[in-house]
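Secondary and tertiary structure notes
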Amino acid sequence: MIASNAAKTAVAYTNSNASTQKTQVRARPVAPVSSQRSSFLARQTSCKYSAHLRLGLRDRTQKVRMSSVDTVTVSSELPEDETKEEVEKEVEAEAEAEPEPEPEEPKFTPVEPLFEVALESDLGVDYSTLEGLLKIGDWQAADDETREKLCVIAGEGAAERKWVYFTEVANIPVKDLKTMDNLWVSYSGGRFGYSVQKKLWKASKERWSVFFARIDWTTGEQKAYRKWPQEFIYKSDAAEGHLPLTNALRGTQLFEAIFNHPAFDEVQEDKKVDSMEEMSSNVKNALPDWLV
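All values reported here derive from a predicted model rather than from experimental measurement. (Residues numbered from 1 in each chain as written. Predicted model: local features only at pLDDT ≥ 70, side-chain atom pairs only at ≥ 80, totals over all residues. Heavy atoms only, no water.)

Side note on the overall build of the protein
Summing up its helical and strand segments, the protein has 10 helices and 7 strands in all. Sequence separation of 24 or more characterises 55% of the internal contacts of the protein that already satisfy a separation of 6 or more. (Helix = DSSP H or I, 4+ residues; strand = E, 2+ residues; numbered from the N terminus. Contact = heavy atoms within 4.5 Å.)

What follows is the structure, encoded as structure tokens:
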């Protein structure tokens, strides 16, 4: 082997357009490997569980936490005035002095129900999961659970295809649909639920564009429909009637079938003042006695 630090030159010839070009390629000189570096590379250290690696690292002992449950202690040569036990005690003291990580803030805010809801079902369906999600304030997961349960109580066909056809709504028992709606109404403080949505739909004169804007299912000046699921708002302060979601991509027939279900026959539009006399009477009754 030739041990020389001088650069070597290789000459290559290429033929292009009937002309010969000469290209010089310079090889970078290879630095000689020092005996000290060779000695360092020759050292091999095996690291097993609870093994000690001795490296020249500022003459200190460092504790390295691995991704697994194992702990490897990397230590240097101990100073003459410091014993192994003293170093270990110092490391333990430093570890204990490290501040504990602050607890993460809860992702959801638990809510208290307005009233107790009996989890009744004519089909033997368990609604405890839905209640648990609403109780902790996980509105998106509760919406997914509601959609899944709606498919279950609508029949085998809906459960298999994972969406409900509007003609299948008539098969849903009143007790089951009321249970789900009561859970939403109770844990949202009266803001969410099918009955709340029907009330707003009636107040919108059953005009779907007005209704969707009122429950904040549209956005922008063009009133474009929000993209499911990322653009909807899964918070307790979302617009009244914003949840639960019902797929309206195939039209509003499913929505209308739910609103016209016997479970919500008692839901009526808010009473409005029809005459100036009635308005005057309402204002008068609201005034304190000393102003009348």
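Now that the structure has been shown, we can carry on.
Quick look at the side chain of Q197
Counting through the fold element by element, Q197 comes out in helix α7 (residues 194–203). There is a polar contact of 3.0 Å between the side chain of Q197 and the backbone oxygen of G241. (Polar contact = N/O pair within 3.5 Å; in protein donor to acceptor, adjacent residues only side chain to side chain.)

Notes on the pattern of salt bridges
A full pass over the atoms with the stated rule returns 7 salt bridges. Two residues, R147 and D143, come together in a salt bridge whose shortest N-O distance is 3.0 Å. Placement of both R147 and D143 in helix α4 (residues 139–154) is noted, with a separation of 4 residues, approximately one turn of the helix. Relative accessible area serves as the criterion here: at 22%, R147 is assigned to the partly exposed category. In this structure, K149 engages E145 in a salt bridge whose closest nitrogen and oxygen atoms are separated by 2.5 Å. Taken as a pair, K149 and E145 lie in helix α4 at a separation of 4 residues, close to a single helical turn. Taking the relative accessible area as the measure of exposure, E145 reaches 10% and is therefore buried. (Salt bridge = Lys/Arg side-chain N within 4 Å of Asp/Glu carboxyl O. Buried < 20%, exposed > 50% of the residue type's maximum accessible area, 1.4 Å probe, protein only.)

Focus on unusual backbone geometry
Cis rather than trans, the peptide bond between W228 and P229 has omega equal to 0°. Looking at where P229 falls in the secondary structure, it is placed in the loop between β7 (224–225) and α9 (253–259). Cis rather than trans, the peptide bond between L243 and P244 has omega equal to 0°. By the secondary structure assignment, P244 is in the loop between β7 and α9. Even without a glycine there, the phi angle at E206 is positive, about 60°. Along the chain, the position of E206 falls in the loop between α7 and α8 (208–214). The exposure class assigned to E206 is partly exposed, which follows from its relative accessible area of 37%. You will see that K223, though not glycine, has its phi angle at about 55°, which is positive. Within the secondary structure, K223 sits in the loop between β6 (218–219) and β7.

Scope: geometric values only; no functional claims are made or implied.
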